[in-house]
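What follows is each chain in one-letter form.
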Amino acid sequence: MKRLVVLAGLPRGGEYTWNSIYSNLQQPLNADLAIATSKENVINTTLYEKSKYKFFFNEYDDWFKYYEKNFQGNWKAYFDKGKETGLTTSGYIHFAIKDIIKKNYLEILKRYDQIVYTRFDQFFIYPQDPLENNSIWISEGEDYKGVNDRIIFFPSKYSEEILGICDYINSPKGLDEIPNFPNCESVYLKHMEHLNL
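Residues numbered from 1 in each chain as written. Predicted model: local features only at pLDDT ≥ 70, side-chain atom pairs only at ≥ 80, totals over all residues. Heavy atoms only, no water.

Chemist: Can you lay out the pairing of strand S2 (residues 32-37) for me, pointing to particular residues and giving the numbers?
Modeler: Burial within S2 is extensive, with five of its six residues counted as buried. Sheet analysis places strand S1 (residues 3-8) next to S2, joined by five bridges and oriented parallel. The residue of S2 that forms the bridge with Val 6 is Ala 34. Taken together, S1, helix H1 (residues 14-26) and S2 constitute a β-α-β crossover, and its handedness is right-handed. Of the strand pairs in this sheet, S2 and strand S3 (residues 53-56) are connected by four bridges, and their pairing is parallel. Each residue of the ladder has a partner; that of Ile 35, found in S3, is Lys 54. (Buried < 20%, exposed > 50% of the residue type's maximum accessible area, 1.4 Å probe, protein only. Helix = DSSP H or I, 4+ residues; strand = E, 2+ residues; numbered from the N terminus. Pairing = 2+ DSSP bridges. Right-handed = clockwise from strand over helix to strand, strands pointing away.)

In structure tokens, the structure reads:
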């Protein structure tokens, strides 16, 4: 099975953490590595050397400019509902990065059977066992009335849907289904439920 590990966001954690990703996630799965961040963040790191794919993008001083440029619809009304719950501090950035990958690198993801989408600062303390590819795997815990958004294993055929969370929050249906406590995790759950995944 061909697997791709995608590390997305701000490369926090440092080399000690990243070495745990190489040795306990990437190598046991015999996976290729992609990094999704700005070039300036990784230029002098092992991440730059070890990644097969570099999904570089320009950082925004205000990530709402990304939405203004790429979406017309309900996205602003949606984020207004989550001003106090994390959507407008980190969630809207993570969602935008997923959209950037979907719009620019989907063809690369579809060359693989399974995608492992996670953050740079996840520390892996033991080798990850391979997971079968007939299911979507999400870690338990830290779900905050939704589902954990720190790591997901999924068949690549679902890449467009899973990475399409911005399309969901921009839609009238998304605004109709907004959770009572709209944070990153609860919105992620609503998005997955909307997809029947």
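What follows picks up the thread again.
Chemist: Residue-level account of a nonpolar patch on the surface, with values.
Modeler: A grouping of Tyr 16, Phe 123, Ile 125 and Tyr 126 is seen on the molecular surface, where their side chains present a nonpolar patch of about 550 Å² in accessible area. Residue class for Tyr 16 comes out exposed when judged on its relative accessible area of 67%. (Patch = residues over 30% accessible without salt bridge, like charges linked within 9 Å, V, L, I, M, F, W, Y side chains within 5 Å. Areas by Shrake-Rupley, 256 points an atom, 1.4 Å probe, with all protein chains shown as cover. Salt bridge = Lys/Arg side-chain N within 4 Å of Asp/Glu carboxyl O.)

Chemist: Lay out the packing of aromatic side chains with the relevant residues and their values.
Modeler: Under the criterion given, the structure shown has 19 aromatic pairs. Ring geometry for Trp 63 against Tyr 66: centres 6.3 Å apart, planes inclined by 50°, an arrangement best described as tilted. Of the two residues, Trp 63 and Tyr 66, both sit in the buried class. Through a chain of ring-to-ring contacts, the aromatic side chains of Phe 57, Tyr 60, Trp 63, Phe 64, Tyr 66, Tyr 67, Phe 71, Trp 75, Phe 79, Tyr 92 and Phe 95 assemble into a single cluster. Of note, Lys 98 hangs over the ring of Tyr 188, and the distance from its end group to the ring centre comes to 4.3 Å. (Phe/Tyr/Trp six-rings, centres within 6.5 Å; stacked < 30°, edge-to-face > 60°. Lys NZ or Arg CZ within 6 Å of the ring centre and 35° of its normal.)

Chemist: How would you sum up the pairing of strand S4 (residues 114-118)? Please name residues and give values.
Modeler: Taken across its five residues, S4 has five buried, putting it largely inside the fold. Where burial is concerned, the two faces of S4 agree: the one with Gln 114, Val 116 and Thr 118 and the one with Ile 115 and Tyr 117 are both buried. Relative to S4, S1 runs parallel, the two being bridged by five bridges. Looking at S4, one finds that Leu 4 is bridged to Ile 115. By the bridge criterion, five bridges tie S4 to strand S6 (residues 151-155) in an arrangement that is antiparallel. Note on S6: the bridge partner recorded for Tyr 117 is Ile 152.

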